[in-house]
Amino acid sequence: MTEAPTRIQVAGSAGSAPYEVLVGRQLLGELPALIGPAAKRVAILHPEALAETGSVLREDLAEQGYEAIAIQLPNAEEAKTVEVAAYCWKALGQTSFTRTDVIVGVGGGATTDVAGFVAATWLRGVRWIAVPTTVLGMVDAAVGGKTGINTAEGKNLVGAFHPPAGVLCDLAALDSLPVHDYVSGLAEIIKAGFIADPAILDLIEADPEAARTPGGPHTAELVERSIRVKADVVSSDLKESGLREILNYGHTLAHAIEKNERYNWRHGAAVSVGMVFAAELGRIAGRLDDATADRHRAILESVGLPVTYRGDQWPKLLETMKVDKKSRGDLLRFIVLDGLAKPTVLEGPDPAMLLAAHSEIAA
């Protein structure tokens, strides 16, 4: 018998409806209830790597009376372009997709980002459901309503706030995830531990090797705790006007690394380096104690995440950070810690401080 899923509420804000994130196993039976009776058509957006899953889902929904179509996207970050979005719009137009119809995004964070963006822009907004299949997708991308695509100038610079109607996190999808992708997702889980829920750090430190695998004893709890952190934050601040900024811990440098690597680095690997940088920045600014700063490097290394980056790239990284969407005018903004689970904003730090923090992660 399948256990009942854990249901995590995300409150509606800024005119958006509340929704639930379900965490468990064998959850696809929950999909028709989320789609609802008003929908006639369902578009399933999936990456090439999940062609079989997309096909099975389409057949399943067709059997239940929906006009279901599957739209295949490129894998990973290659999907997050305006050309791919336009391809999706064309498919929706050709199938007479209306405002009562529903989009389902099945895949990792890049897929749910695109699915949400297409849903936000088609007919100025249709309902969508996220079915994330990676750790990163479950704990980060699919929760909170941030949707987006990349441009040549940077990551997620074009997008919209468009929360899903529901999120299905089927933990069975993680069983076949390559170890590097699984470990990459741990960076966002560890981030949630440092900014809000230190129990996450304790669970990982107790058995780092078990944390590296979906078969570990704490997988469900780590995923659920991370989702609760994000759900609590976005419930009170959908549009990143205040509290939600804390979710960007480690991300200012991470996005610059990703762009510099032409998105060939996994997001979690870049966030890992970005968190060590932010911890060093907090320490140098006199905000963060040595023990907590050192704990970043120790826990990230223990699960196999990188903590250094090429030292000769600093001028490029600094330039890229200046156009990051978290900046305000010419002022760089970083989330740093005043202590464990005490995130705060450091605005316009002295360039010498940035350079000193960078020297701590330079390889």
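Analysis parameters
- Residues numbered from 1 in each chain as written.
- Predicted model: local features only at pLDDT ≥ 70, side-chain atom pairs only at ≥ 80, totals over all residues.
- Heavy atoms only, no water.
- UniProt positions renumbered as here; feature names shortened; annotations may be inferred.
- Pairing = 2+ DSSP bridges.
- Helix = DSSP H or I, 4+ residues; strand = E, 2+ residues; numbered from the N terminus.
- Axes fitted to C-alpha atoms, helices over the stretch in contact; angles between N-to-C directions.
- Contact = heavy atoms within 4.5 Å.
- Buried < 20%, exposed > 50% of the residue type's maximum accessible area, 1.4 Å probe, protein only.
- Phe/Tyr/Trp six-rings, centres within 6.5 Å; stacked < 30°, edge-to-face > 60°.
- Arc of directions from axis to C-beta.
- Core = buried A, V, L, I, M, F, W, Y, C linked by side-chain atoms within 4.5 Å.
- Parallel < 35°, antiparallel > 145°, perpendicular 65-115°, else oblique.
- Left-handed = near helix turned anticlockwise from the far one by under 90°.
- Nonpolar A, V, L, I, M, F, W, Y, C, P; charged D, E, K, R; others polar.
- Polar contact = N/O pair within 3.5 Å; in protein donor to acceptor, adjacent residues only side chain to side chain.
- Right-handed = clockwise from strand over helix to strand, strands pointing away.

As recorded in an unreviewed UniProt entry, the protein chain goes by 3-dehydroquinate synthase and comes from Streptomyces varsoviensis. Taken from UniProt, the Catalytic activity (unreviewed entry) comment for the protein chain reads in full: "7-phospho-2-dehydro-3-deoxy-D-arabino-heptonate = 3-dehydroquinate + phosphate". You can read under Subcellular location (unreviewed entry) in the UniProt record for the protein chain the words "Cytoplasm".

### Focus on the sheet that holds strand 1 (residues 6-10)
Read across the open sheet, the 7 strands follow the order 1-2-9-6-5-3-4; overall the sheet is mixed. Among the strands making up the open sheet, the edge pair consists of strand 1 and strand 4 (67-73). The average undirected angle you get between the axes of adjacent strands in this sheet is 15 degrees. Lying over the sheet, helix 2 (residues 51-63) contacts strand 3 (41-47), strand 4 and strand 5 (102-107), oriented at roughly 170 degrees with respect to strand 3. Set on the sheet, helix 3 (residues 82-94) makes contact with strand 3, strand 4 and strand 5; between it and strand 4 the angle comes to about 160 degrees.

### Things to note about the UniProt feature "domain: 3-dehydroquinate synthase N-terminal" (unreviewed entry) in the protein chain
Sequence positions flagged by UniProt for "domain: 3-dehydroquinate synthase N-terminal" (unreviewed entry) are, in local numbering, residues 71-181. The distance from the first to the last C-alpha atom of residues 71-181 is 23 Å, and the span holds 32% helix and 31% strand.

### Focus: the side chain of Ser 272
Considering the arrangement of structural elements, one finds Ser 272 in helix 11 (residues 267-284). When its relative accessible area of 0% is taken as the criterion, Ser 272 is described as buried. Every residue in contact with Ser 272, bar those within four places of it in the chain, is listed here: Ala 187, Leu 300, Leu 305, Pro 306 and Val 307.

### Quick look at the packing of aromatic side chains
According to the stated counting rule, one finds 4 aromatic pairs in the structure shown. Residues Trp 265 and Tyr 309 carry aromatic rings whose centres are separated by 5.3 Å and whose planes lie at 90 degrees to one another, so their mutual orientation is edge-to-face. Placement of Trp 265 in the loop between helix 10 (251-260) and helix 11 and of Tyr 309 in the loop between helix 12 (290-302) and helix 13 (314-322) is noted, with a sequence separation of 44 residues between them. For Trp 265, a relative accessible area of 24% puts it in the partly exposed group. Of the residues examined, Tyr 309 reaches a relative accessible area of 2% and is grouped as buried. Plain terms: the ring middles of Phe 277 and Trp 314 are 5.9 Å apart, the flat faces sit at 40 degrees to each other, and that makes the pair tilted. With Phe 277 in helix 11 and Trp 314 in helix 13, this pair connects stretches of sequence that are 37 residues apart. When its relative accessible area of 1% is taken as the criterion, Phe 277 is described as buried. For Trp 314, a relative accessible area of 8% corresponds to the buried category. One aromatic cluster is present, built from ring pairs that chain together Phe 277, Trp 314 and Phe 334.

### Let's talk about helix 13
Regarding helix 13, the residues found buried are Trp 314, Leu 317, Thr 320 and Met 321. Along the axis of helix 13, the buried positions cluster into a sector of 125 degrees, meaning they face one direction only. Looking at the buried residues of helix 13, the elements they touch are helix 10, helix 11, strand 10 (333-337) and helix 14 (351-361).

### Concerning the UniProt feature "binding site: NAD(+)" (unreviewed entry) in the protein chain
Under the feature "binding site: NAD(+)" (unreviewed entry), the UniProt entry names Gly 109, Ala 110, Thr 111, Thr 112, Asp 113, Thr 133, Thr 134, Lys 146 and Lys 155. With residues near it in sequence (within four places) discarded, Gly 109 still touches Thr 134, Gly 137 and Ala 141. Note on placement: Thr 112 falls in helix 4 (residues 109-121).

### Comments concerning the nonpolar core
Membership of the largest hydrophobic core comes to 94 residues, with the highest contact counts inside it found for Val 21, Ile 103 and Ile 190. In this structure, Val 21 is in contact with Thr 6, Arg 7, Ile 8, Val 10, Val 143, Val 167, Cys 169 and Ile 227, ignoring residues within four places of it in sequence. Core analysis: the next-biggest nonpolar cluster, separate from the first, contains 18 residues, Val 42, Ile 44, Val 102 and Leu 168 among them.

### A few points about the packing of helix 3 against helix 4
Closest axis-to-axis distance for the helix 3/helix 4 pair is 10 Å, and the angle between their directions is 55 degrees. Between helix 3 and helix 4, the crossing angle belongs to the class labelled oblique. Crossing hand, helix 3 versus helix 4: right-handed. Taken together, the residues of helix 4 that come into contact with helix 3 (itself represented by Val 84, Ala 85, Cys 88, Trp 89 and Leu 92) are Val 114, Phe 117, Val 118 and Thr 121. Here the residues of the contact of helix 3 with helix 4 sort into 8 nonpolar, 1 polar and no charged.

### A closer look at the environment of Glu 245
Note that Glu 245 resides in the loop between helix 9 (219-236) and helix 10. Take Glu 245: its relative accessible area is 6%, and that puts it in the buried class. Put simply, Glu 245 and Val 345 are 100 residues apart on the chain and 8.3 Å apart in space, counted from C-alpha to C-alpha. Side-chain polar atoms of Glu 245 contact the side chain of Arg 333, separated by 2.5 Å.

### A short note on unusual backbone geometry
One non-glycine residue with positive phi stands out, namely Ala 76, at about 55 degrees. Along the chain, Ala 76 falls in the loop between strand 4 and helix 3.

### Considering the pairing of strand 4
Examined bridge by bridge, strand 3 and strand 4 share 7 bridges and lie parallel to one another. Pairing of His 46 across the sheet is with Gln 72, part of strand 4. Since strand 3 and strand 4 lie parallel, the crossover through helix 2 that links them has a hand, and here it is right-handed.

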